[in-house]
Amino acid sequence: GIKIVICAAGGSAALAGIGFGLVLAILGNWLSQASLMAYLPLMVLVGWALVVMLADLWIPAHRKGITAVLAAIGLAATLVLTVLQWSRMGAASTAFFGMFTLDGFSLFVDIIVVAAGLMTLALAYDYVKRMDMNGGTFYLLLMFSISGMMLMAHANDLILVFLALELLSIPL
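So, here is what we can say about the structure in this document. (Residues numbered from 1 in each chain as written. Predicted model: local features only at pLDDT ≥ 70, side-chain atom pairs only at ≥ 80, totals over all residues. Heavy atoms only, no water.)

## Section: the overall build of the protein chain
Definition in use: Secondary structure counts use DSSP, requiring at least four H or I residues in a row for a helix and at least two E residues in a row for a strand, with both numbered from the N terminus. For the exposure calls, accessible area comes from a 1.4 Å probe over protein chains only, and a residue counts as buried if that area is under 20% of its type's maximum, exposed if over 50%, partly exposed in between. By definition, residues are in contact when any of their heavy atoms lie within 4.5 Å.
When helices and strands are counted, the protein chain shows seven helices and two strands. For the protein chain, the N- to C-terminal ordering of α and β elements is α-α-α-α-β-β-α-α-α. By the burial criterion, 30% of the 172 residues in the protein chain qualify as buried. Restricting the contact set of the protein chain to residue pairs at least 6 apart, pairs at least 24 apart contribute 66%.

## Describing the nonpolar core
Note the cut-off: What makes a nonpolar core is a set of buried Ala, Val, Leu, Ile, Met, Phe, Trp, Tyr and Cys residues whose side-chain atoms join them at distances within 4.5 Å.
Formed by 29 residues in total, the largest nonpolar core has its most connected members in Phe-100 and Ile-146. Counting residues per element, the ones that place at least two in this core are α3 (40-58), α4 (65-87), β2 (100-102), α5 (104-130), α6 (135-154) and α7 (158-168). Residue contributions to this core peak at eight residues, all from α6. If sequence neighbours within four positions are ignored, Phe-100 has contacts with Ala-38, Tyr-39, Leu-42, Ser-93, Thr-94, Ala-95, Leu-151, His-154, Asn-156 and Leu-160.

## Remarks on a nonpolar patch on the surface
Filter applied, for reference: Patch construction takes residues with relative accessible area above 30% that form no salt bridge. Like charges are linked within 9 Å, and nonpolar side chains (Val, Leu, Ile, Met, Phe, Trp, Tyr) are linked within 5 Å. Using a 1.4 Å probe, accessible areas were evaluated by the Shrake-Rupley method; residue-level cover was limited to the displayed protein chains. A pair is scored as a salt bridge if a Lys or Arg side-chain nitrogen falls within 4 Å of a carboxyl oxygen belonging to Asp or Glu.
Among the surface-exposed residues, Leu-54, Leu-57 and Trp-58 lie close enough to one another that they form a single nonpolar patch of about 420 Å² accessible area. Mapped onto the elements of the fold, Leu-57 is located in helix α3.

## Some thoughts on the pattern of salt bridges
The tally for this structure, following the rule as stated, stands at two salt bridges. Taking the shortest distance from any N to any O, the salt bridge between Asp-56 and Lys-64 comes out at 2.9 Å. Taking the shortest distance from any N to any O, the salt bridge between Arg-130 and Asp-126 comes out at 3.7 Å. Remark: Asp-126 and Arg-130 occur in helix α5; sequence separation between them is four residues, near one turn of the helix. Assessed through its relative accessible area of 44%, Asp-126 is described here as partly exposed.

## As for α6
Where we set the bar: To estimate the expected span of a helix, subtract one from its residue number and multiply by 1.5 Å.
Taking 1.5 Å per residue, 20 residues should reach 28 Å; α6 reaches 29 Å between its end C-alpha atoms and fits that length. In terms of residue burial, α6 counts as a mostly covered element, since 15 of its 20 residues are buried.

## Examining the packing of α6 against α7
Put simply, the test is: Angular values range over 0 to 180 degrees, each being the angle between N-to-C directions of two axes fitted as lines to C-alpha atoms, with helices fitted over their stretch in contact. Throughout this description, any angle smaller than 35 degrees is read as roughly parallel, any larger than 145 degrees as roughly antiparallel, any in the 65 to 115 degree range as roughly perpendicular, and the remainder as oblique. Two helices cross in a left-handed way if the nearer one is turned anticlockwise from the farther one by less than a right angle. They cross in a right-handed way if the turn is clockwise. Under the grouping applied here, Gly and all other residues not named as nonpolar or charged are polar, the nonpolar ones being Ala, Val, Leu, Ile, Met, Phe, Trp, Tyr, Cys and Pro and the charged ones Asp, Glu, Lys and Arg.
The interhelical angle for the contact between α6 and α7, taken along N-to-C directions, is 160°, at an axis separation of 7 Å. Classified by the angle between their axes, α6 and α7 sit roughly antiparallel to one another. The crossing of α6 and α7 is left-handed. Contacts between α6 and α7 involve Phe-144, Ser-145, Ser-147, Gly-148, Met-149, Leu-151, Met-152 and His-154 on the former and, on the latter, Leu-160, Val-161, Ala-164, Leu-165, Leu-167 and Leu-168. Its residues assigned to classes, the contact of α6 with α7 comprises 10 nonpolar, four polar and no charged.

## A short note on the environment of Leu-42
Locating Leu-42 in the fold gives a position in helix α3. Taking the C-alpha atoms as reference points, Leu-42 and Gly-148, 106 residues apart in sequence, are found 9.1 Å from one another.

Below, the structure is given as structure tokens:
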């Protein structure tokens, strides 16, 4: 009985080591410099939206315009990164094992979507203020919806299309 327990424990340790090695191999591919550069503007937008969400908790109700400015800064940074990415792009590439594609069309759509988001932010600022809506929520939903649109443009796999559609439809 003792030998079986030891063998089972040794087998599970070997399986855990193989599983850990597999996880490291997958993360090594996902976190390569080329992959990180492929989805950097999207990561910046989602990360900045999370920062704005946390900052909005401490902004008083009568100063929610600060949230709009923070959202505009994040969208502008995303636009600049996308334009820089487009200017330095060579051949089309993929990330996430071919699920995420980076090509001229997806970057063009990103630029259009982020620019439209900036215009929406500028046009909606007065309306949100006039209707006494919770501006922080509106700006966050706008940023997450834009990130879903960007992800949809880069999707090269049905699972990523589904995730992008879910992220895109959060404001609904």
